[in-house]
Structure formats: C-alpha cells, structure tokens
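Commentary on secondary and tertiary structure
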Amino acid sequence: GRTSSSRTRRPLYAKNLAERMAMQAEILAAREAQLRLLPQAAPELPGVQLAAFCLPARGVGGDFYDFFRLDANRVGIFVAQGGDQGLASALRIALAKGLLMHASQQSHSPTQIIVGLEQSITELLESGASHISFAYGVMDTRRNLLSYARIGSSPRLVIYREGAALNASSQLERKVVEGGRLKSAASIYEGAAQAHPGDFLIFVTEGLMSLRTRRFARREHQWLDDLMGQLGRPEERLQTSLVTALLKYQNHAPNDLTAVVLRIVESQAVLQEVVA
C-alpha cells in the first residue's frame, strides 16, 4: 500500500495546537522580558513623589517606562509606546533602555538624547523603528523644572493644577526637528514645565488618552478629571492610587494604559513611592 509519514497522518487539530502552544510560549517569554525590564522602584527625590504603572491591554503590551538617577536632585524619566508586537516590542524597549543607560549620564539635553536614540534604533532595527515613539524628560527639583523631548504622537505630558486651566503638551512645547530630517519620518518636540507645590505632572500614552473618545465623550479631558479624583486622595499612597485608577479602565481600553505621575510636594513631606 501507499506509505505515509507521521507528519501526514497527524490530525489538523494537533498542528493547530502545536502552533498555538508555540505562540503562547512566545507571549510568555515577551511578557517575562517586559517585567524584567520595568523598574522595581522609583527613585526618591526631595520635593517630588513618583508613581508609574503599565497595564497591558493583552498578555504582552508595547508600553514601557524607566527612571535614570542623574544626581541627588535630578532624575531622567523615559516613557515609550512600542506597539503590540510581542518579542519585537520587547527587543526595541531593551535596546532603548541600554542606550539610555549610557546617554543619560552624559551632559546632553533631552532633545539631544531623543535624536540620538531615534538614530540608533533606526540604524539597528531598520524595519521596526517606526513603530516606537517615546519621551525623555529630566526633573530638576532644585528649580522645580521638568524639561523633556518626545518623538511620535505620544507619550504626552499634561499638568494638573487645582483651580487653574489644564496645561497640555501643545501649550508647553515646540517642534525642533522636522520629520523629513529623520529616518523614522516623525518630528521631535521639546518642552519645559515649571512646577509648583500641589501640581501633578503626568506622562501618558495613547491608551489612556483614547478613553476620551470611547468612554468619556462629555469633554476632551474627562478621563483626566476622573483620574485625578483617584490620585488626589491624601489618605492613599500615590502608587496605590494610580494602580487603582488604571485598573478601573482595564475592560474599556483596547490599548495599553500607561502613566508616570510626578506630584510636587513640600520637601519635608517627601516619601519614596514603590513602583509595581
């Protein structure tokens, strides 16, 4: 009779099961890589409380954040939106983290760091560089000044000051590098925010900002009002409040929900906030 191999006799469901198991293994590996890359704790700064949280929309997200201690009064803050591409996103994030560990220790401005990071990622990952957008800022507590630069449509910075108009990225920044001068074809913007006691400075990615059109259609920044209702609770740690707030939106967001929050306080009231 006709000869056949075990490969041809294997039922179709077995092939599909093997493919699904391989895909799940890749997802688990990517998730483990992301968790290892995220910082375990935020640095302690005089006059500032820090909190950060990334809630993936699926098993593996593309968002990322990190902190780079520069000196006793300054910290570098990196926020990235890398796209939902599993191990590819984790690879780009790992590459950016490695480059920033060196670049952040040099006497470069946030704009110079963003330009160098964009060029390096594009050269090393030709096909995937356009999928990542990021922001890098430096918080200087001696001047209560946050200076930053970003590339891509997000992350964005918003400032919440009770009793005052909302300050968003468009009011704080200017375009410094046209997209045509970069390989990724995305423009670079830089800005600076002068902070005051009681202010909240918040870096957010597209997932959180998109809630305004899905769930909170009443006003453009309704999502921020709801978020601040949770963050403004003095009886809770800032990190706890942020995690609780984002978990409320978990079933309403198709994209990752990521936020890095700086709360300006009096120096004697500074507490170290632990990042999950």
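Residues numbered from 1 in each chain as written. Predicted model: local features only at pLDDT ≥ 70, side-chain atom pairs only at ≥ 80, totals over all residues. Heavy atoms only, no water.

1. So, the overall build of the chain
In terms of regular secondary structure, the chain is built from nine helices and eleven strands. Taking all 276 residues of the chain together, the buried fraction comes to 49%. For the chain, contacts bridging at least 24 residues in sequence account for 70% of all contacts bridging at least 6. As presented, the chain carries roughly 13,800 Å² of accessible surface, and 50% of it is formed by carbon and sulfur atoms. (Helix = DSSP H or I, 4+ residues; strand = E, 2+ residues; numbered from the N terminus. Buried < 20%, exposed > 50% of the residue type's maximum accessible area, 1.4 Å probe, protein only. Contact = heavy atoms within 4.5 Å. Areas by Shrake-Rupley, 256 points an atom, 1.4 Å probe, with all protein chains shown as cover.)

2. Observations concerning unusual backbone geometry
Geometrically, the link from Ser154 to Pro155 is a cis peptide bond, its omega value of 10° lying close to zero. The backbone of Asn144 shows a phi angle near 50°, a positive value even though the residue is not glycine. Along the chain, the position of Asn144 falls in the loop between strand 4 (133-140) and strand 5 (145-151).

3. What to know about the packing of aromatic side chains
Taken as a whole, this structure holds four aromatic pairs when the rule is applied. Aromatic pair Tyr148 and Phe203: ring centres 5.9 Å apart, planes at 80°, arrangement edge-to-face. Of this pair, Tyr148 sits in strand 5 while Phe203 sits in strand 10 (residues 200-204), and the two are 55 residues apart along the sequence. Taking the relative accessible area as the measure of exposure, Tyr148 reaches 2% and is therefore buried. Taken together, the ring pairs connect Phe64, Phe78 and Phe134 into an aromatic cluster. The side chain of Arg150 reaches across the aromatic face of Tyr189, ending 4.6 Å from its centre. (Phe/Tyr/Trp six-rings, centres within 6.5 Å; stacked < 30°, edge-to-face > 60°. Lys NZ or Arg CZ within 6 Å of the ring centre and 35° of its normal.)

4. Regarding the sheet that holds strand 3 (residues 74-81)
One open sheet holds the six strands; their spatial order is 2-3-4-5-9-8, and the pairing between them is antiparallel. If you trace the sheet from one side to the other, it starts and ends with strand 2 (63-71) and strand 8 (173-177), each paired once. Geometrically, the sheet is characterised by an average inter-axis angle of 20° between neighbouring strands, direction not taken into account. Note: strand 4 against strand 5, seven bridges, orientation antiparallel. Counterpart to Ala135 in the pairing with strand 5 is Arg150. (Pairing = 2+ DSSP bridges. Axes fitted to C-alpha atoms, helices over the stretch in contact; angles between N-to-C directions.)

5. Section: the pairing of strand 3
Along any regular strand the residues' side chains alternate between the sheet's two faces. Of all eight residues that make up strand 3, seven are buried, and the element is covered over most of its length. Following strand 2, the chain reverses through two residues before pairing antiparallel with strand 3. Inspection of the sheet shows strand 3 paired to strand 4 by eight bridges, in the antiparallel sense. Looking at strand 4, one finds that Ala80 is bridged to Phe134.

6. Remarks on the environment of Thr122
Within the fold, Thr122 resides in helix 4 (residues 110-124). Classification of Thr122 as buried rests on a relative accessible area of 5%. Taking the C-alpha atoms as reference, Thr122 lies 9.2 Å from Leu182; in sequence the two are 60 residues apart.

7. Considering the nonpolar core
Residues Phe67, Phe78, Tyr136, Leu201, Phe203 and Val260 are the most contacted members of the largest nonpolar core, which totals 48 residues. Aside from chain neighbours lying at most four places away, what touches Phe203 is Ile77, Val79, Ala135, Leu146, Tyr148, Arg156, Leu157, Thr258, Ala259 and Val260. Judged by nonpolar contacts, the second largest core, of 25 residues, contains Phe53, Leu242, Val243 and Leu257. (Core = buried A, V, L, I, M, F, W, Y, C linked by side-chain atoms within 4.5 Å.)

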